[in-house]
Each structure stands twice: as C-alpha cells, then as structure tokens.
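# An overview of the molecular structure
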Amino acid sequence: MNYPKSQALFDEAKKRIPGGVNSPARAFKGVGGTPLFMTHAKGPYMYDEDGNEWIDYIGSWGPMILGHAYPAVVEAVQKTAAGSTSFGTPTALENRMAERVCGMVPGLDKVRMTNSGTEACMSAIRVARGYTGRDKFIKFEGCYHGHGDSFLIKAGSGALTLGHPSSPGVTRGTAKDTLTADYNDLDSVERILRENKDEVAAIILEPVAGNMGCVPPRDGFLKGLRKLCDEHGALLVFDEVMSGFRIARGGAVERYRVQPDLMAFGKVIGAGMPVGAFGGSNEVMGVVAPDGPVYQAGTLSGNPVAMSAGIALLTELDENPAIYRELEEQSAKLEQGLKQVFEKHQVTVANNRVGSMLGFFFCDGPVVGFSDVSRTDTEFFSRFFHGMLSQGVYLPPSAYEAWFVSHSHDDTIIRKTVDAADHVLTDLTKNGGPAR
Ligand code: HOZ
C-alpha cells in the first residue's frame, strides 16, 4: 500500500496541530509510521486519501457498533441538521434520548448529557464528591477515564502508549486526591479504603477495562467492589464509555448484574457524534444543578444533531436483540481464527474478549491486571500491526488499546482478517522458530 497523500497531509498537519493530530491515540507514536488520513467509510471498511481500502477494527474507538455510515444514523443527522445544528434551548430529542437510555440501562433513573466521555466521567466524580461530601476517589492503574486532570494518574490509553501515564500539568493538589489500586485486586482496594477511612467519595472503574487492551473483571471483582463501597460509604461509578451499549444492551450493569451508583457513557451513545452522558438513581442525581448544588453544564450538551444520531443507533440496538447475539458470534469467530493462527506460528500470545471487545497481548497469560498488560511485547506488536496494515487491516495503533468488532464484520471480513494474520506471521517467522 502507498500513502503519499497521507504522508503529505501529516507533514502539513504537524505545522499547525500538536503532533499532527487532535488526539494522541491516533498518532502512531506507539507503533511508528504515519497515521492515515481517511476520507469516508462504509460498514467495516474505511477509505483513505490515497484511495486505499481498510478493514477497520478501531470503529472510531467504539461508536461504530453497527458499522460506518449506518443508514438510519446518516438519515437522522441529515434531517435534524437541516432544521438547525443547535438552539441552546431544550428539545424533544433530549427527552427521547433520556427515555431510551434509561429504558436500556438497569438502575438508571436520570441522565445528563455531555459532549464527551471525558466530561461524563469528570462530572460523575464531581457528583460523587458533592453527594458524599468527601474529596478522594479510587481509580485503577491502566484504566482511562478521559483526560480530566484527576484521572491522569497511572492512566491507560494514549497516556500509557506515550509513556506519560501520570501527566505533567496535573497539580500535586489534584493528584493527592486520586488514589490508585490494582485492577482485579480487591485487597488493594480494601487497603486504600482502610488507610483513608471516611475520605473516599467513589471508586471509578471501567467494568471491562478497554484502555489497556481488553481486560475483563474477574469473577466476584465487581460484586466485591459493590460490597466495599457499601461498607465504606463510597459510591461505585462504572465508566461505561466503552462497554455501554456494546457488551450488552444494558452494558456491564446488565452483563455482570452489579448495580453501580453512577454510570458514565460515551462512544456508542453518540453514534460517532461528540456525545457523553452520566446518570444514576433519582436520589444521587438529585444533587445535580439546577435541582441541587453540584454545578454541571454545557452550551452544546444535548445537541440536536448529536441526539438524533445517538437515538437512531440506540433504537436499532434496543429493538433488535439479535444484534448482540450476532456480534458475540462474529467476535468469537475472529478470536478463534486468530488464536489458531498464532498457535500455528508458535507465537506466545494471551487474549481476552468480552462480546465485541478484544485484546491480544504478546506475552504469557492470563492477563488480568496492569502488571500483566505491561509484559506485552510492544515491539512485536508494532511489527504485527504494520504487517496487518500491509494486508489492508487497520488495528488500533497501540498494544494497549482494545479492538472493536462491528455488526458489519461478516464472515468474509473475519476470514480476510484471519488470512491476513496468517500471511503476516508467516513473514515474521520465515527465518524459522517462534516469532518472538
Ligand atoms: N478511549 C479512547 C481510546 N482508548 C480514546 C481515543 C482517543 O484518545 O483519541
């Protein structure tokens, strides 16, 4: 494949945009090379400026659960935009979105729309602090809750890929209220709660970690957190930005049957438009302004175009339960196919999958927490990533990101992906012996 136009655009972008990108996760810093500039996409395929076609496993980092340019979403966006892109007043669309989301997610009485998952998580923590009157919160190493100051401590995603999991620019004053525990390790959480008695407002986590590859919760981990929160008067916050409406209609709350006090959403809820949301019970959400004293706002929150896109996508997901079964089946086929190919080429690999979220780690398994994730061979991942690229498959450009399968990834796409991996590993191992 040739990328002269992408290369020229990237060179131009670097003059005016930091690193040439508007979000570091896109920059190929973890794998080397030039990010590709896309022009359009349809179903499981993206098309770049040089006219190349790509099988896409980024899916806009999660939203494209039914594939790109899904007709109902495109139609809703076009229709709403024709009537104005924003009013700064309430619209009926916001009511329809709130009804739909509360109908899909167990235990969600009230929801406030935001413009991103970052805002949703920041607001959820503010609400937890306002509700409990406490300052500190616990997060997990390798989990990423957006780029809010207090979350950039031992964070995952681009922060981890770039080697700055704790970012400069976050003040010591802010950082001291963020306590970090080990994912899937209840003892580490209990210890922190004991050492900070009556000071912890909330525990926030990705119920399925997706920003250090894909790492599912161990049996009993989420229930254990629920119990610890109840014992210590802290709120449990699920960051369902990735898992929400993806791993089940009602996200991790439905799949694992554990009820958090607050939930944050993003990605699928906006169908690719800049949308997030947070919500919880009537009681907890009662502290949010203007009902209560915890201030939270946004000029473009509940934007009509974004709402209509999200409603169109959520309606399809809500009303066609077969979609989740089929997503599960297709994702399992991809997982099995890749596992067989890795085995055939004697590549040491561990993998996790929850529904249509996948993680492959080039290390011994099992991978249950950040210390396991950090053993992955990132150099081998880079070679594999570029090999797959040469075969027309666009994986997330980091060893620490989950791969997303969409409902449009049919058997042909899965077969092509597995064949591409076989071809790449044949190349990477052709000097004999295991690939690493
Ligand atoms: N949570 C997404 C990746 N893990 C965000 C993508 C980005 O930072 O651009």
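For the structure given in this document, a descriptive report is provided here. (Residues numbered from 1 in each chain as written. Predicted model: local features only at pLDDT ≥ 70, side-chain atom pairs only at ≥ 80, totals over all residues. Heavy atoms only, no water.)

Taken in spatial order, the 7 strands make up an open sheet running β4-β10-β9-β8-β7-β5-β6, and their pairing is mixed. The outermost strands of the open sheet, each flanked by one partner alone, are β4 (110–114) and β6 (178–181). Adjacent strand axes in the sheet meet at a mean angle of 20°, parallel and antiparallel pairs treated alike. Relative to strand β9 (residues 262–265), strand β8 (residues 235–239) runs parallel, the two sharing 3 bridges. By the bridge assignment, Val237 is partnered in β9 with Leu262. Strand contacts of helix α7 (residues 186–195): β5 (136–140), β6 and β7 (200–205), with the helix running at about 150° to β6, the strand carrying the most contacts. (Pairing = 2+ DSSP bridges. Helix = DSSP H or I, 4+ residues; strand = E, 2+ residues; numbered from the N terminus. Axes fitted to C-alpha atoms, helices over the stretch in contact; angles between N-to-C directions. Contact = heavy atoms within 4.5 Å.)

Time to look at the pairing of β8. Among the 5 residues of β8, 5 are classified as buried, and the element is accordingly described as predominantly covered. Burial of the side chains of β8 extends over both faces: Leu235, Val237 and Asp239 are buried on one face and Leu236 and Phe238 on the other. By the bridge criterion, 4 bridges tie β7 to β8 in an arrangement that is parallel. Within β8, the residue paired with Ile204 across the bridge is Val237. Once you follow β7 into helix α8 (residues 221–232) and on to β8, the crossover reads as right-handed. (Buried < 20%, exposed > 50% of the residue type's maximum accessible area, 1.4 Å probe, protein only. Right-handed = clockwise from strand over helix to strand, strands pointing away.)

On to the site of the ligand. The immediate surroundings of the ligand are formed by Ser23, Ala25, Trp61, Ser157, Asn211, Met242, Lys267 and Glu401. Taking Ser23, its side chain carries an N or O atom lying 2.5 Å from an oxygen atom of the ligand. Within the side chain of Ser157, one N or O atom sits 3.0 Å away from a nitrogen atom of the ligand. Of the residues in the shell around the ligand, the class split is 3 nonpolar, 3 polar and 2 charged. (Near = heavy atom within 4 Å. Polar contact = N/O pair within 3.5 Å; in protein donor to acceptor, adjacent residues only side chain to side chain. Nonpolar A, V, L, I, M, F, W, Y, C, P; charged D, E, K, R; others polar.)

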